[in-house]
Amino acid sequence: MDDDKTPKYFDPEKRRRQKELSRQRDEERLARGEITMMGLQKENMAFRRLRRDRIMFARCPKTGTPRYLAMGDKRKSDSDEGK
């Protein structure tokens, strides 16, 4: 078999080393003050780009624009609180 056709297998030891290096880089960045703890947590979130307040469920057949389903409570403005 050629190298291009060799099946790829998950190597847990290689992945462990990658994560260890990533943690070391994160600690170094924190120590140098390049990033805050909160910034690092946001950066490392698995679903940081996922919006929890709306979910795309379909596309308009005519225009192709996405249609969203709103999730959760609608945020109240300061003027609504007195009502």
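Given the structure is predicted, the values throughout are model-derived calculations rather than measurements.

Peer 1: How should I be thinking about the overall build of the chain in this particular structure?
Peer 2: For the chain, the count of helices and strands is two helices and two strands. Counting from the amino terminus, helix and strand elements in the chain follow one another as α-α-β-β. Counting across all 83 residues of the chain, residues that qualify as buried make up 5%. Carbon and sulfur atoms form 52% of the exposed surface of the chain, whose accessible area is close to 8,500 Å².

Peer 1: How do you make sense of the packing of helix α1 (residues 12–32) against helix α2 (residues 37–44) when you look at a structure like this?
Peer 2: Packed helices, taken two at a time, are described by their axes: the angle between them and the distance between them. Put simply, α1 and α2 touch, their axes get as near as 10 Å, and they point 150° apart. When the axes of α1 and α2 are compared, the pair comes out roughly antiparallel. In the packing of α1 onto α2, the handedness of the crossing is right-handed. Between α1 and α2, the residues in contact are Asp 26, Arg 29 and Leu 30 and Met 37, Leu 40, Glu 43 and Asn 44, respectively. Within the contact of α1 with α2, the residues separate by chemical class into three nonpolar, one polar and three charged.

Peer 1: When you look at α1 in this model, what are you seeing that I'm missing?
Peer 2: It helps to recall that an α-helix has 3.6 residues per turn; residues three or four apart then point in one direction. Across its 21 residues, α1 extends 30 Å between first and last C-alpha, which sits within 8% of the 30 Å expected from 1.5 Å per residue. Just past α1, the residue Gly 33 takes up positive phi, approximately 80°.

Peer 1: Where do I start with a nonpolar patch on the surface in this structure?
Peer 2: A contiguous nonpolar patch, built from Ile 55, Phe 57 and Leu 69 and spanning about 300 Å² of accessible area, is present on the exposed surface. Residue position: Ile 55 is located in strand β1 (residues 54–59). Using a relative accessible area of 43% as the deciding quantity, one classes Ile 55 as partly exposed.

Cut-offs applied
Residues numbered from 1 in each chain as written. Predicted model: local features only at pLDDT ≥ 70, side-chain atom pairs only at ≥ 80, totals over all residues. Heavy atoms only, no water. Helix = DSSP H or I, 4+ residues; strand = E, 2+ residues; numbered from the N terminus. Buried < 20%, exposed > 50% of the residue type's maximum accessible area, 1.4 Å probe, protein only. Areas by Shrake-Rupley, 256 points an atom, 1.4 Å probe, with all protein chains shown as cover. Axes fitted to C-alpha atoms, helices over the stretch in contact; angles between N-to-C directions. Parallel < 35°, antiparallel > 145°, perpendicular 65-115°, else oblique. Left-handed = near helix turned anticlockwise from the far one by under 90°. Contact = heavy atoms within 4.5 Å. Nonpolar A, V, L, I, M, F, W, Y, C, P; charged D, E, K, R; others polar. Expected span 1.5 Å × (residues − 1). Patch = residues over 30% accessible without salt bridge, like charges linked within 9 Å, V, L, I, M, F, W, Y side chains within 5 Å. Salt bridge = Lys/Arg side-chain N within 4 Å of Asp/Glu carboxyl O.

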